[in-house]
There are 4 protein chains.
Amino acid sequence: MTIRSYDDVPVRPANLAGPAPEFPWPDGKRAAMMLSFDVDAETYATSKDPAHAERLVSMSYGTYEARVGMPKVLELLRELGLKATFFTTGWAADAHPATVEAAVKDGHEIAHHGYHHLLPDPGSAHIEDELAMGFDALKRRFGIRPIGYRAPYGESCDELRIALKREGIVYSSSWRDDVRPYRQVLPDGAPGVIEIPATASYDDWMHGMSTRFGPRSIFPKEHVLSMWKDELDEIRDWGAMVTTVLHPQVSGRPMRLRLLRNFLTYAIECRDVWIATGEQVARHFETCERADEGVAS
Amino acid sequence: MTIRSYDDVPVRPANLAGPAPEFPWPDGKRAAMMLSFDVDAETYATSKDPAHAERLVSMSYGTYEARVGMPKVLELLRELGLKATFFTTGWAADAHPATVEAAVKDGHEIAHHGYHHLLPDPGSAHIEDELAMGFDALKRRFGIRPIGYRAPYGESCDELRIALKREGIVYSSSWRDDVRPYRQVLPDGAPGVIEIPATASYDDWMHGMSTRFGPRSIFPKEHVLSMWKDELDEIRDWGAMVTTVLHPQVSGRPMRLRLLRNFLTYAIECRDVWIATGEQVARHFETCERADEGVAS
Amino acid sequence: MTIRSYDDVPVRPANLAGPAPEFPWPDGKRAAMMLSFDVDAETYATSKDPAHAERLVSMSYGTYEARVGMPKVLELLRELGLKATFFTTGWAADAHPATVEAAVKDGHEIAHHGYHHLLPDPGSAHIEDELAMGFDALKRRFGIRPIGYRAPYGESCDELRIALKREGIVYSSSWRDDVRPYRQVLPDGAPGVIEIPATASYDDWMHGMSTRFGPRSIFPKEHVLSMWKDELDEIRDWGAMVTTVLHPQVSGRPMRLRLLRNFLTYAIECRDVWIATGEQVARHFETCERADEGVAS
Amino acid sequence: MTIRSYDDVPVRPANLAGPAPEFPWPDGKRAAMMLSFDVDAETYATSKDPAHAERLVSMSYGTYEARVGMPKVLELLRELGLKATFFTTGWAADAHPATVEAAVKDGHEIAHHGYHHLLPDPGSAHIEDELAMGFDALKRRFGIRPIGYRAPYGESCDELRIALKREGIVYSSSWRDDVRPYRQVLPDGAPGVIEIPATASYDDWMHGMSTRFGPRSIFPKEHVLSMWKDELDEIRDWGAMVTTVLHPQVSGRPMRLRLLRNFLTYAIECRDVWIATGEQVARHFETCERADEGVAS
């Protein structure tokens, strides 16, 4: 790794994009929620160290996803009549094809989430490989060329977002810096993909999972519902959006599914929240953007 | 340790077993709870570093188990008329024989939990020794050849589960990947022992213990009861099972025992939950499995 | 770093100042609250490692401040009719000038918070540079020579507080050792700047933010409001003061803003709490101090 | 450090003492609470690294104790009419003599808590020095030869407890392995000092303090009161005792004092709890022990 000094820290916003446009939501909705899940499967462990592959109980937290978590999450979405985006690692597609296939059959969106869920740290040798292998697995297994991407470990870098644009990705859902979608601006000033920022407080891993490799505290329904409702209610007042970062290996656990059912029921009953997939949000953004450019030109 | 690369990560589920069979529970019960405790005693500390043996206050958290925690837990189980499985380290059997003997006399199941509670990391030199010394201690002290096993630190590897089968263990309760028992499949495709998966949220160490070597947050009754009831209630709706991973050195502390009494009373009052030992769950599984094979053949 | 032994630990209070004077608050108020925010922007990450500048999602937590957090906090303060102190890093002033300018226009106080938010560890080569560059950025961008200072990472040392005095800083708000302002005493016994101690429990980062580099637990409204009200209520009984250490990148998040709105509304409705900027508190202290010296002489 | 293997782990309880005797409490009380505080002052930081002495804000958390925490705790105890034991580091006695003197004047017990609060790790060179310097400071400053001792960082070893006996200490309050006092048994089988075990859940540091060097979560009144009442209520049912491990630099903070006032008021209102100093508990134990020996002989 190159040693960097403070002379190397550029004095400009980390994000060069202008303010997010305040486009209206469809059908007169007041706010939006992009409903999405990350399908990491066992890569939650192997992505930290490939040797974890032989630590069978640590791996089993990830295996829960295919055996129980995904079927239960899909069942819940059917009950509630909701469609979601599943950011799926290539490894999960290859190792658990039937599980992911079930999401495809239910009409959910499958999007790109790397292959081995490797952290896209700036300068990492694996960035292009992870991208190519992820595309390949989704194509090979399900004939799908995804238009959405979420960075493993919620991290990104210039090399990666330039590659996303080049590969025809339409939207990314990784950044944490806004409450509305916006178009990324690449280092050379060219427009990048649409960014649909993720909402950290809807990352179920923060509140509901503890393992030998990540001994977080686990919080009950009352605790998490209070935060999830507050976040949504304030966003409704702002006319903005939230983006969930749920994981079937967390929210597919019994008490977590109960909590998620409760929260999604609340969101539906608000009636003013557009609950949509990443693709729907991105296509709506494109439409508004084109209309806006039409007006502007 | 061998350096491993991502080429070494196999592209298949970490668990080769098929879906867990949905056998009915006995007596028309709707769901099941395997009630079990891990008797680590002072190995909770020495298993991390043998030098802890001379750090007397750190050791004293473990000693609490024999002096107060076990007697209080046994008293509670007598009051509630419940039988449980005690996964007991060989060291605890040798250092605190009277404490474990009291559990035997009360009719509880004694099962294998290693000798020094050493982590069965893949390739560890101590895996076979831990197994042999644990069997020896239980036989020598109580004349018991256990049929159940729980992995120290909730970790396992192929070498260990092959050894469990060879040694005549009937069931393991270590994996975290299901809500029903299933039969393990060994790397060569042969059937392994029955797995009765553990439920991480019922690990009292996660919510109720903080020491100099593990500074977790401690949560009150309201917090833990909400989670424990939610987990059980959802499992009742699924017709599945939970498996507790309690520790007399945690749940035998005054405020934790109060909480456990409250939770177990709730579980009993549900009336549709079969509260059983690991042995009872495993024998029931065997019976259903044989019946199933009879039908299938 | 020099190796230090216990012979080097001086046997005297770390703070040589006498007891904080119990000056009355203005307008017959019973207690006071210094309302202040730290504007770190992306330096929250780069101050730990300049290489974070290329980790774009990690950076984006800081960028949220300029894009959403600051505008929302300023809007809230306008709604409630409150003025606050914004301790602003020079980097934030240079990279997000319009954001900080908006605070200036609303009549809030801008104070010094370093340039790159570098930890002022004793003996650090950057202590004087951070100070000079911070002054320069605020002067160059907004024509402001700040009179208040808060130490990055809430740390300080003798070299720094001597420099603050030399540079004409009137007050610091960094120490955690009192519930009333007092005048610092420098190592040579000379009077230093006024210290308005910060209240750790009003640091929103402790309760409401979790990132890849700081995986804290996040707590809901009920949890934080209970603590914030208790702290204020007890301080009202003491006739003392609290000092908030809020961050627009935390309290500007939707659910955190809702919480802050709730808390500030409560503080206003108490009617006996003087909610003031650091400058107001410091000037009031100077007036009381002079009056006191007049009486004493 | 000597490398130790599992052959070195002795196969016997870490604590050789027999079961704690179930002596009755005085005046027909049902249970007991030893009310005690640890007066660490700035050694909370320097004991980890002497270089912290120059990190002035980190030090200031400790200085809060002398400036505000101790006066406020003493005021509360006067209001409630309670006497407590203050385990005081020699450094605090030397650096803040007036603060400790105030506790002496109010009739509280002053006991030994090391000099620099250095961890008594087995084999540490400083064990005897810490003991001698602590005795010296309390004698020199207040003319006190303490009879009670609590180990810094709640750790101990054989060398230390042999030294305590030799130095005429009557009781220690460090172990975590019982709910009643008992007499320590030294490695050679000789009787040691009386142990009044500490109750970890009454360590306010676990729930109420977060600093740059110890980023724990902080919990509100409802959370901690629930635990503290549950622990006491269960102990009342057991007829046993609890021992607080409070710190004026934590419980002397405004919201923590409010919580402590609430809890102590509850304990007083129970009317069946004997709230006593360590000395009172130890002398009562000695009396019962002698009576018991009289009966036995």
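Residues numbered from 1 in each chain as written. Chains lettered and ligands numbered in written order. Predicted model: local features only at pLDDT ≥ 70, side-chain atom pairs only at ≥ 80, totals over all residues. Heavy atoms only, no water.

- An unreviewed UniProt entry annotates chain A as Chitooligosaccharide deacetylase originating from Acetobacter nitrogenifigens DSM 23921 = NBRC 105050.
- Note on chain A: under the UniProt heading Sequence similarities (unreviewed entry), the record states "Belongs to the polysaccharide deacetylase family."
- UniProt, in its Function (unreviewed entry) section for chain A, records the words "Is involved in generating a small heat-stable compound (Nod), an acylated oligomer of N-acetylglucosamine, that stimulates mitosis in various plant protoplasts." (UniProt positions renumbered as here; feature names shortened; annotations may be inferred.)

**Some details on helix α10 (residues 254-270) of chain C**
Step number 1: Over its 17 residues, α10(C) extends 25 Å from the first C-alpha to the last, a length consistent with the 24 Å expected when each residue adds 1.5 Å.
Step number 2: Residues of α10(C) that are buried include every one of Pro254(C), Met255(C), Arg256(C), Leu257(C), Leu259(C), Leu260(C), Phe263(C), Leu264(C), Ala267(C) and Cys270(C), and no others. (Helix = DSSP H or I, 4+ residues; strand = E, 2+ residues; numbered from the N terminus. Expected span 1.5 Å × (residues − 1). Buried < 20%, exposed > 50% of the residue type's maximum accessible area, 1.4 Å probe, protein only.)

**Section: the relation of the copies chain C and chain A**
Step number 1: Superposition of chain C onto chain A requires a rotation of 90° combined with a translation of 0.0 Å along the rotation axis, giving an RMSD of 0.0 Å. Seen this way, the second copy is the image of the first under a four-fold rotation axis. Across chain C, the rotation axis passes nearest the C-alpha of Ser217(C), at a separation of 5.0 Å.
Step number 2: Counting the interface residues of chain C, we find that no more than 6% of their copies in chain A are interface residues as well, pointing to two distinct contact surfaces. (Least-squares fit on C-alpha atoms with pLDDT ≥ 70 in both. Contact = heavy atoms within 4.5 Å.)

**Some words on the interface of chain C and chain A**
As a measure of interface size, the accessible area lost when the parts come together is often cited.
Step number 1: Between chain C and chain A, the contact holds 47 residues from the first and 49 residues from the second.
Step number 2: A buried area of about 4,000 Å², summed over both sides, lies between chain C and chain A, and 59% of it is on carbon and sulfur atoms.
Step number 3: Counting every contact that joins chain C to chain A gives eight salt bridges.
Step number 4: The salt bridge partner of Arg261(C) is Glu234(A), with a shortest N-O separation of 2.9 Å.
Step number 5: At the level of elements, α2 (56-80), α3 (90-95), α8 (221-238) and α10 of chain C are the ones that each hand at least two residues to the side of chain C that touches chain A. (Buried area = accessible area lost by both parts, 1.4 Å probe. Salt bridge = Lys/Arg side-chain N within 4 Å of Asp/Glu carboxyl O.)

**Observations concerning the arrangement of the chains**
Step number 1: Spatially, chain B is disjoint from chain C: no contact exists, and the shortest C-alpha separation is 10 Å.
Step number 2: There is a clear gap between chain A and chain D: no contact, and 10 Å between their nearest C-alpha atoms.

**Observations concerning the relation of the copies chain B and chain A**
Step number 1: Of the transformation superimposing chain B on chain A, the axial component is 0.0 Å and the angular component is 90°, with the fit at an RMSD of 0.0 Å.
Step number 2: Both copies present different contact surfaces, since only 6% of the interface residues of chain B are interface residues in chain A too.

**Focus on the nonpolar core**
Step number 1: Ranked by size, the top nonpolar core spans 212 residues in total, and within it Phe86(A), Phe86(B), Phe86(C) and Phe86(D) carry the most contacts.
Step number 2: When residues no more than four places from it in sequence are discounted, the contact partners of Phe86(D) are Phe37(D), Val39(D), Met70(D), Val73(D), Leu74(D), Leu77(D), Ala103(D), His108(D), Glu109(D), Ile110(D) and Ala111(D). (Core = buried A, V, L, I, M, F, W, Y, C linked by side-chain atoms within 4.5 Å.)

**A word on the sheet that holds strand β10 (residues 273-276) of chain C**
All names here are of chain C.
Step number 1: As summarised here, the arrangement of the three strands in space is β9-β1-β10, forming an open sheet in which the pairing is parallel. Two strands bound the open sheet, and with one partner strand each, they are β9 (241-243) and β10. Strand after strand, the sheet turns through a mean of 15° between neighbouring axes, direction not considered.
Step number 2: Where strand β1 (residues 31-34) meets β10, four bridges bridge the pair, whose relative direction is parallel. The residue bridging alanine 32 from the neighbouring strand is tryptophan 274, located in β10.
Step number 3: Against the sheet, α8 touches β1, β9 and β10, its axis set at about 145° to β9. (Pairing = 2+ DSSP bridges. Axes fitted to C-alpha atoms, helices over the stretch in contact; angles between N-to-C directions.)

**Brief notes about the UniProt feature "domain: NodB homology" (unreviewed entry) in chain A**
Step number 1: On the UniProt side, "domain: NodB homology" (unreviewed entry) is annotated at positions that read residues 55-276 of chain A here.
Step number 2: Across residues 55-276 of chain A, helical content stands at 49% and strand content at 13%; the span's end C-alpha atoms are separated by 38 Å.

**Regarding the interface of chain B and chain A**
Step number 1: The interface of chain B with chain A comprises 49 residues on the first partner and 47 residues on the second.
Step number 2: Taking both partners together, chain B and chain A bury about 4,000 Å²; carbon and sulfur atoms supply 59% of that area.
Step number 3: On the chain B side of the contact with chain A, Arg4(B), Tyr6(B) and Trp238(B) bury the most area, a combined 18% of that side's loss.
Step number 4: Counting the contacts that link chain B with chain A gives eight salt bridges.
Step number 5: Counting across the interface, chain B meets chain A through 23 residue pairs in polar contact (both at pLDDT 80 or more).
Step number 6: Mapped onto the side of chain B that touches chain A, the elements with two or more residues apiece are α6 (158-166), α7 (205-208) and α8 (221-238) of chain B.
Step number 7: Here the side of chain B that touches chain A takes 10 residues from α8(B), the largest share from any one element.
Step number 8: The residue inventory of the side of chain B that touches chain A, partitioned by class, reads 23 nonpolar, 11 polar and 15 charged. (Polar contact = N/O pair within 3.5 Å; in protein donor to acceptor, adjacent residues only side chain to side chain. Nonpolar A, V, L, I, M, F, W, Y, C, P; charged D, E, K, R; others polar.)

**Observations concerning the side chain of Ser173(D)**
Residue and element names in this part refer to chain D.
Step number 1: Looking at the element boundaries, serine 173 is found in the loop between β6 (171-172) and β7 (182-185).
Step number 2: A polar contact of 2.8 Å, which involves the side chain of serine 173, links it to the backbone oxygen of isoleucine 196.
Step number 3: Non-local contacts of serine 173, meaning those with residues more than four positions away in its chain, are made with Met34, Phe87, Tyr149, Arg150, Glu195, Ile196, Pro197, Ala198 and Thr243.

**Describing the sheet that holds strand β10 (residues 273-276) of chain D**
All names here are of chain D.
Step number 1: Taken in spatial order, the three strands line up as β9-β1-β10 in an open sheet, and their pairing is parallel. A strand with exactly one partner marks an edge of an open sheet, and here the two such strands are β9 (241-243) and β10. Looking at each pair of strands side by side, their axes are set apart by 15° on average, direction ignored.
Step number 2: Packing against the sheet, helix α8 (residues 221-238) makes contact with β1 (31-34), β9 and β10, and its axis sits at approximately 145° to β9.

**With respect to the pattern of salt bridges**
Step number 1: A full pass over the atoms with the stated rule returns 106 salt bridges over all chains.
Step number 2: For Asp230(B), the salt bridge identified is with Lys221(A), shortest N-O distance 3.0 Å. In this pair, Asp230(B) sits in helix α8 while Lys221(A) sits in helix α8 (residues 221-238), so the two residues belong to two different chains.
Step number 3: For Asp230(B), a relative accessible area of 6% translates into the label buried.
Step number 4: With a relative accessible area of 22%, Lys221(A) lands in the partly exposed category.
Step number 5: The shortest N-O distance in the salt bridge between Arg236(A) and Asp233(A) comes to 3.0 Å. In this pair, Arg236(A) and Asp233(A) both sit in helix α8, three residues apart, roughly one turn of the helix.
Step number 6: For Arg236(A), a relative accessible area of 14% corresponds to the buried category.
Step number 7: Here Asp233(A) falls in the buried class, since its relative accessible area comes to 15%.
Step number 8: Through salt bridges that share partners, Arg30(A), Asp230(A), Asp233(A), Glu234(A), Arg236(A), Asp237(A), Asp272(A), Lys221(C), Arg258(C) and Arg261(C) make up one connected network.

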